[in-house]
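In case you want the letters, here they are:
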Amino acid sequence: MTDDLFASGGETGRLMTSLDWARTGLGPVTGWPQSLRAAVRIVLSSRYPMLLLWGPDLTQLYNDAYSALIGDRHPAALGLDVRITLAEGWDVLAPLISEAMATGVASWVPALQLLLNRSGYREEAYFSVSHAPARDDDGVTVGVLTVCSEVTEQIVGERRLRLLREVSLPAGAAPDDVGQTCARLCEVIGAHPLDVPFAAVYLRDGAVLRRVATTGPAAASLPAEIHDQDHWGVRAAAATGTAEVTEADDRISVRAGPWGDPVRLTLAQPLPSGGTGDPIGVLLAGVSPSRALDATYRSFFALLGQQVAVAVRTARAYQEERARAAALAELDRAKTDFFTNVSHEFRTPLTLMLGPLADALADESAPLGPAQRERVELAWRNAGRLLGLVNDLLTFASVEAGRATATATVVDLSAYTRDLSAVFRAAVERAGLRLVVDCPPLPRPVAVDPEHWERIVTNLLSNALKFTFVGEIRVTLRADADAVRLSVADTGIGVDPAELPHLFDRFHRVRGARSRSHEGTGIGLALVRELTRLQGGDVTVDSTPGEGTTFTATLPWAAVDASDRSRTVAPSALVAARAAAREATGWLEAHSTMPAEAARPADAVRSADAAGSADAARPADTARPADPAGPGDPAVRSPGGPAAPEVPAAPSAPAGRDASGPGEPAARIMIADDNADMRAYLARLLTAQGWVVQTAGDGEAALRAILADPPDLLITDVMMPRSDGFSLVRALRREEVTEGLPIVMLSARAGGESGVEGFDAGADDYIAKPFAAADLIARLRNSLRLARIRSTARPRTTGGTPSSNAPLMAADAAPAPADTVPTAVDSVPAPADTVPTAGDTVTRTGRSPMSAGPEAAEPLPEAAEPLPGAVTPIAVPGSDVPEVDVVWTYPLTLGAAAAVRNDLRAVLPEDKIDHDLLYDLQIATSEAVNNAVEHAQEPTRPHVEVRLRVQAGLIRIEVQDFGTWRARPPARDRGRGAVLMNAFGNVRVLPSPTGTLVTIERRWAT
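What you are looking at is a predicted structure, and each value in this text was computed from that prediction instead of being measured.

Analysis parameters
- Residues numbered from 1 in each chain as written.
- Predicted model: local features only at pLDDT ≥ 70, side-chain atom pairs only at ≥ 80, totals over all residues.
- Heavy atoms only, no water.
- Helix = DSSP H or I, 4+ residues; strand = E, 2+ residues; numbered from the N terminus.
- Buried < 20%, exposed > 50% of the residue type's maximum accessible area, 1.4 Å probe, protein only.
- Areas by Shrake-Rupley, 256 points an atom, 1.4 Å probe, with all protein chains shown as cover.
- Polar contact = N/O pair within 3.5 Å; in protein donor to acceptor, adjacent residues only side chain to side chain.
- Contact = heavy atoms within 4.5 Å.
- Arc of directions from axis to C-beta.
- UniProt positions renumbered as here; feature names shortened; annotations may be inferred.
- Pairing = 2+ DSSP bridges.
- Axes fitted to C-alpha atoms, helices over the stretch in contact; angles between N-to-C directions.
- Phe/Tyr/Trp six-rings, centres within 6.5 Å; stacked < 30°, edge-to-face > 60°.
- Lys NZ or Arg CZ within 6 Å of the ring centre and 35° of its normal.
- Salt bridge = Lys/Arg side-chain N within 4 Å of Asp/Glu carboxyl O.
- pLDDT = per-residue confidence, 0-100.

## A few points about the overall build of the protein
Thought 1: Helices and strands together make up the secondary structure of the protein, namely 26 helices and 36 strands.
Thought 2: With 1006 residues in all, the protein has 49% of them scored as buried.
Thought 3: With the model as given, the accessible surface of the protein reaches about 44300 Å², and the carbon-plus-sulfur share is 54%.

See the structure below:
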């Protein structure tokens, strides 16, 4: 019968079967009432943890599931008084059990915290517990049936997740620094002492780990800095990973957990850097004495360390970003102060320039001659333009610095706006547009800053004229109950919607937009917005691509109402407006069609039609240069404009140095520049040399004119409307008829990057403004001379033997790299990584390259016969001929040619060799090196070797590559490489399966 009662109880049932129940308060099993037997069967058959307490001794009977909850208290607890088994938690259980037995009503507690000592320590545990009365056969309550489940992991896990979430949440305001962030983190951690009794954040400070924040009662016991001596595992954690320190209660006295037990274990958790570097610090934390440091607890500390690290890294990034922003703000302030100071300093010399120039133009007692007057007018116009730019920069700098103020003055705003618009009427009508000004009187007086209003109207009108090619420009001034509104509407090209939000940003330009000029500072519209806001208003823009744009400046009556004022001030002299109108007129000269009668045979300049008229596709009229102009005679005429004077101090064309040989026609040069004054200046400069000049105001006009009638040389600006200089050069290089046209680029964009971009596009030379007239003329002469050599040498060279000349001819089909252009040998420095250092130079004789001792290298053979078209060696009487034998090795990059030129100049200095001879050797060697770089295929060695030998007055340069040759289609072959090498030296080519050897020879002296 006993076996039947406990048979379904599993392991616990078998233990009950073997237990001597007679020694318990329940007595022998045979004497148990039927109610007890039934209750035992229910408990043992359940898989849910159940405990039956029966009789006055509260004797325990439970199942297998419950035995797992009490740990090592099982199986001793079977048949024992529960008040003994759970003595440490009885103060919590007793009220619940007593209530159930006394009232006969069941109870339920979802998360009952109990102190258990089931694993060798005082454990924090949580149970979901229900107590129901247990009755005997007579219906009297004699015990309690307890159904329970442990929810410790759930309760503790939710508590830890709450801590991690709070740590990850940002503070209400951005932290001031890392220290404050760490203090906030410790404050959050300190609110959860059951899981983290105490904590300290250590951050790296060089080789030291410095404590920046703490929480809990252990703060005073933890070291402020950790150097080499470390008893807390902090340095070990920063180096190798998580570190544990046991018996921490020997160093600190901290009690924690729900039962106030001493903390004996600490954990040092590294704070990851977010990359592959060392941790940024360490989180030192105490481990709860009431929970085992199991895998779940360790995972919690790892996540806590990561959250702390993320917060610290974020604070550092914010702090660094704020420091960068402060540095940028300081830099911006310094820049603004610099602009302000420089602008002020510019005004003094500009005043001293404009004053005397104006006096000279107005002097009737000693009037200027026509030629001198035009020179002075040119200087006066551009000095005035420079003053306008300086004033714009000064105003904008003041606005940016917050120092600008608006001086409100009562003005007749309608009349003032009409006067400002009238200044532009001539320029607008000259452009073929209609100017409509609709500015009726306003109902109330208005007070604005007249200077600011002048700039607002002027910049809006200038902008409209720049981007409008057909139709009209309409200026409207209206007032309603709320504000005064100025609208400047045009029928121009319009603005793409994506560009509208950036239109008022300083220095912003709409890329690819068609305009009359690319000149300007890029702050005009930004200045309009800032000045309008200074008046208390704002400016908006509406635009439809292809239809037009409308700018509206709105001034609220609250900001400009002057009803309480009676005095009206007359407007200013409109100086800024007149200067802007003069500049706009210069744009129009770039796009005006030259009348047929303007290109008379006596004129030296012709203008390419760039206005897009029906005659645009027709070649511009051609004119020959007149005889050298005498004093006061015009030498140049701008398209439709007045005669231009002679260029002051311009180099004349000396005898025997003109670009045109005896009996040859004068060289024809195209000038492409959108600045009318620059075109006129260059035209006067070049016609003084006897050259025929044609001008164009943009890249499109220049391209049409060149393709219709190719000139001998092109001078082009970089920044131009419709098509810039780079696009023009690329387009010409794609055309077979202009593939070899010499091109010189002029630009105000100084710097090596701009020069490299120009050479990459295919230009032969790049000159930054301002330039010296003599330097420009010299470069143009040289470019024309080389072009003439190429044109005369090509027929002879192309007829040479395939083994010698063909590879060199094929080497130049593509536009020449920057370092192959003869006229730009020194324009762009070679990249630093391509210039050989001293370690790259090998002297085969073991002597200094310039030494001439008796142990000279082996004698050179006699010079080979020159190839057709080769030049005659020059003689340098009395020269000391050094003996040289040096080898250089260069990587197969475009910078190799520039590097070899530099090395030749260093080894053969100009005080030892004739300048022209050195120049010829540099050009010939550059071409040979470029051939090797461009055409050596699958080289066995990734470099080109150059050997320079000078012996017995003979210079020999050998250029050896180590790859097979790649030929280029004849249609794309300009043949410049072979032409230049043959022009400057005697050339032999020896191709082989392992590479090609090019030998260049010249006589030092005869």
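## Here we look at helix 20 (residues 725–734)
Thought 1: Among the 10 residues that make up helix 20, seven are buried, leaving the element largely enclosed by the rest of the structure.
Thought 2: For helix 20, every residue scored as buried is listed here: Gly725, Phe726, Leu728, Val729, Ala731, Leu732 and Arg733.
Thought 3: Sitting at the head of helix 20, Asp724 places a side-chain oxygen 3.3 Å from the backbone nitrogen of Phe726.

## Description of the environment of Thr242
Thought 1: Relative to the helices and strands, Thr242 resides in the loop between helix 9 (234–240) and strand 9 (243–246).
Thought 2: Classification of Thr242 as partly exposed rests on a relative accessible area of 43%.
Thought 3: In the structure, Thr242 is positioned 56 residues away from Arg298 in sequence and 9.6 Å away in space, judged by C-alpha atoms.
Thought 4: Apart from the residues lying within four places of it in its own chain, the contact partners of Thr242 are Leu267, Ala268, Gln269 and Pro270.
Thought 5: At a separation of 3.2 Å, a polar atom in the side chain of Thr242 contacts the side chain of Gln269.

## A short note on helix 19 (residues 699–708)
Thought 1: What helix 19 keeps buried is the set Gly699, Ala701, Ala702, Ala705 and Ile706. All buried residues of helix 19 fall inside an arc of 160 degrees around its axis, so they share one side.
Thought 2: Of the surrounding secondary structure, the elements contacted by the buried residues of helix 19 are strand 24 (668–672), strand 25 (692–696), strand 26 (713–717) and helix 20.
Thought 3: For helix 19, the side-chain oxygen to backbone nitrogen distance between the N-cap and Glu700 is 2.9 Å, and the N-cap itself is Asp698.

## So, the UniProt feature "modified residue: 4-aspartylphosphate" (unreviewed entry) in the protein
Thought 1: Per the UniProt annotation, the sites labelled "modified residue: 4-aspartylphosphate" (unreviewed entry) are Asp717.
Thought 2: Along the polypeptide, Asp717 turns up in strand 26.
Thought 3: Asp717 has contacts with Ala672, Asp673, Asp674, Gly725, Leu746, Ser747 and Lys769, leaving out every residue within four places of it along the chain.

## Considering the pairing of strand 20 (residues 548–556)
Thought 1: Relative to strand 20, strand 18 (residues 483–490) runs antiparallel, the two sharing eight bridges. Paired with Ser487 across the strands is Thr552, a residue of strand 20.
Thought 2: Here seven bridges tie strand 19 (residues 538–544) to strand 20, and the two strands are oriented antiparallel to one another. Bridge pairing in strand 20 places Thr544 opposite Gly548.
Thought 3: Between strand 19 and strand 20, which follow one another and run antiparallel, lie three residues, and Gly546 among them has a positive phi close to 85 degrees.

## Structural notes on the sheet that holds strand 15 (residues 434–438)
Thought 1: If you walk across this open sheet you meet the five strands as 15-17-18-20-19, and the pairing is mixed. On the outer flanks of this sheet lie strand 15 and strand 19, each paired with one strand and no other. Neighbouring strand axes in the sheet, compared pairwise and without regard to direction, differ in orientation by 10 degrees on average.
Thought 2: Judged from the five bridges that link them, strand 15 and strand 17 (residues 472–479) form a sheet pairing that is parallel. Opposite Asp438, over in strand 17, you have Thr476 as the bridge partner.
Thought 3: Contacts from helix 14 (residues 450–466) reach strand 15, strand 17, strand 18 and strand 20 within the one sheet, and its direction differs from that of strand 18 by about 25 degrees.
Thought 4: The strands that helix 15 (residues 524–534) touches are strand 19 and strand 20; relative to strand 19, the one it contacts most, it runs at about 140 degrees.

## What about the packing of aromatic side chains?
Thought 1: Within the structure shown, the criterion is met by eight aromatic pairs.
Thought 2: Relative to Trp32, the ring of Phe6 lies with its centre 6.0 Å away and its plane at 85 degrees, an arrangement referred to as edge-to-face. Residue Phe6 is found in helix 1 (residues 2–6), and its partner Trp32 is found in the loop between helix 2 (10–18) and helix 3 (34–45); the two are separated by 26 residues along the sequence.
Thought 3: A ring pair is formed by Trp21 and Trp32, whose centres lie 5.2 Å apart and whose planes are at 80 degrees; its orientation type is edge-to-face. Within this pair, whereas Trp21 is found in the loop between helix 2 and helix 3, its partner Trp32 is found in the loop between helix 2 and helix 3, the two being separated by 11 residues in sequence. You'll find Trp21 and Trp32 in the same group, each marked buried.
Thought 4: Joined through ring pairs, the aromatic side chains of Phe6, Trp21 and Trp32 make up one cluster.
Thought 5: Positioned above the aromatic ring of Tyr297 is the side chain of Arg160, whose terminal nitrogen or guanidinium carbon lies 4.0 Å from the ring centre.
Thought 6: Between Arg251 and the ring centre of Trp232, over which it is positioned, the NZ or CZ distance is 6.0 Å.

## Things to note about the pattern of salt bridges
Thought 1: If you walk through the whole model with that rule in mind, you get 32 salt bridges.
Thought 2: Residue Arg291 pairs with Glu123 through a salt bridge whose shortest N-O separation is 3.7 Å. Of the two residues, Arg291 is situated in the loop between strand 13 (281–286) and helix 10 (295–362) and Glu123 in strand 4 (residues 123–135); the sequence distance between them amounts to 168 residues. Here the two residues Arg291 and Glu123 agree in accessibility, since each one is buried.
Thought 3: Here Arg264 and Asp249 are joined by a salt bridge, their closest N and O atoms 3.8 Å apart. You can see Arg264 sitting in the loop between strand 11 (261–262) and strand 12 (265–271) and its partner Asp249 sitting in the loop between strand 9 and strand 10 (255–256), a full 15 residues away along the chain.
Thought 4: Asp249 sits in the partly exposed class, given a relative accessible area of 31%.
Thought 5: One salt-bridge network, in which partners are shared between bridges, spans Arg118, Glu123, Glu150, Glu153 and Arg291.

## Overview of the sheet that holds strand 5 (residues 141–150)
Thought 1: Read from one edge to the other, the open sheet built from five strands follows the order 2-1-5-4-3, with strand pairing classed as antiparallel. Two strands in the sheet have a free side with no partner beyond their single neighbour: strand 2 (59–62) and strand 3 (107–116). Each adjacent strand pair in this sheet contributes to an overall mean axis angle of 30 degrees, direction not counted.
Thought 2: Where strand 4 meets strand 5, nine bridges bridge the pair, whose relative direction is antiparallel. Paired with His131 across the bridge in strand 5 is Thr146.

## Thoughts on the confidence of the model for the protein
Thought 1: Considering every residue of the protein, the mean pLDDT works out to 77; 76% of them sit at 70 or more.
Thought 2: Long-range and interchain partners of residues 591–604, a stretch whose pLDDT sits below 50, account for 34 contacts in this model, where long-range means more than four residues apart.
Thought 3: Note on residues 609–659: pLDDT is under 50 here. Beyond four places in sequence and across chains, it has 112 contacts.

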